[in-house]
Amino acid sequence: MNDIFRPYIGKFVLVYLDDILVFSKSPEEHAEHLRLVLQRLREHELYAKRSKCTFNRPELEFLGHIVGSEGIKVDPKKTAVVDLLFWLYSAVVFSDQP
């Protein structure tokens, strides 16, 4: 996949294994980027499964992160257990104080 999308990687495409993320600054630009990506897939006889595709979203989950116009953030669902454990540890440590 990296070889197929090499001209676009870092400009408007991010590829990880079989996941392709297309990012753009405007809806018009996004439509053009999608056209280029889908054309590249077609040229290499590769197909996207429609049920696994989402289009024109302001933010989405990608590899355990939330990617959007404000940048990349850790998905809060991924840190919820750590937060809970920290809270439990704090409750135990501070409740033993005289």
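The notes below deal with the structure included here. (Residues numbered from 1 in each chain as written. Predicted model: local features only at pLDDT ≥ 70, side-chain atom pairs only at ≥ 80, totals over all residues. Heavy atoms only, no water.)

What about the overall build of the protein chain?
Okay, step 1: Within the protein chain, the secondary structure is distributed over three helices and five strands.
Okay, step 2: Reading the protein chain from its N end, one meets helices and strands in the order α-β-β-α-β-β-β-α.
Okay, step 3: Per-residue burial over the protein chain gives 20% buried out of 98 residues.
Okay, step 4: Taken as a whole, the protein chain presents about 8000 Å² of accessible surface, with 59% of it coming from carbon and sulfur. (Helix = DSSP H or I, 4+ residues; strand = E, 2+ residues; numbered from the N terminus. Buried < 20%, exposed > 50% of the residue type's maximum accessible area, 1.4 Å probe, protein only. Areas by Shrake-Rupley, 256 points an atom, 1.4 Å probe, with all protein chains shown as cover.)

Examining unusual backbone geometry
What is expected of a backbone is that most residues other than glycine have negative phi and most peptide bonds are trans.
Okay, step 1: The phi dihedral of Glu45 is positive, around 55°, even though this residue is not glycine.
Okay, step 2: Along the chain, the position of Glu45 falls in the loop between helix H2 (27-43) and strand S3 (59-62).
Okay, step 3: Residue classification places Glu45 among the exposed positions, given a relative accessible area of 63%.
Okay, step 4: Of note, the phi angle at Leu63 is positive, near 55°, even though the residue is not glycine.
Okay, step 5: With respect to the helices, strands and loops of the structure, Leu63 is situated in the loop between S3 and strand S4 (65-68).

As for the pairing of S3
Okay, step 1: The alternating pattern of S3 places Leu60 and Phe62 on a buried face and Glu59 and Glu61 on a face that is not buried.
Okay, step 2: Taken together, the four bridges between S3 and S4 define a ladder with antiparallel strand orientation. The partner of Glu59 across the bridge, within S4, is Gly68.
Okay, step 3: As consecutive antiparallel partners, S3 and S4 are separated by two residues, and within that stretch Leu63 has a phi angle of approximately 55°, a positive value. (Pairing = 2+ DSSP bridges.)

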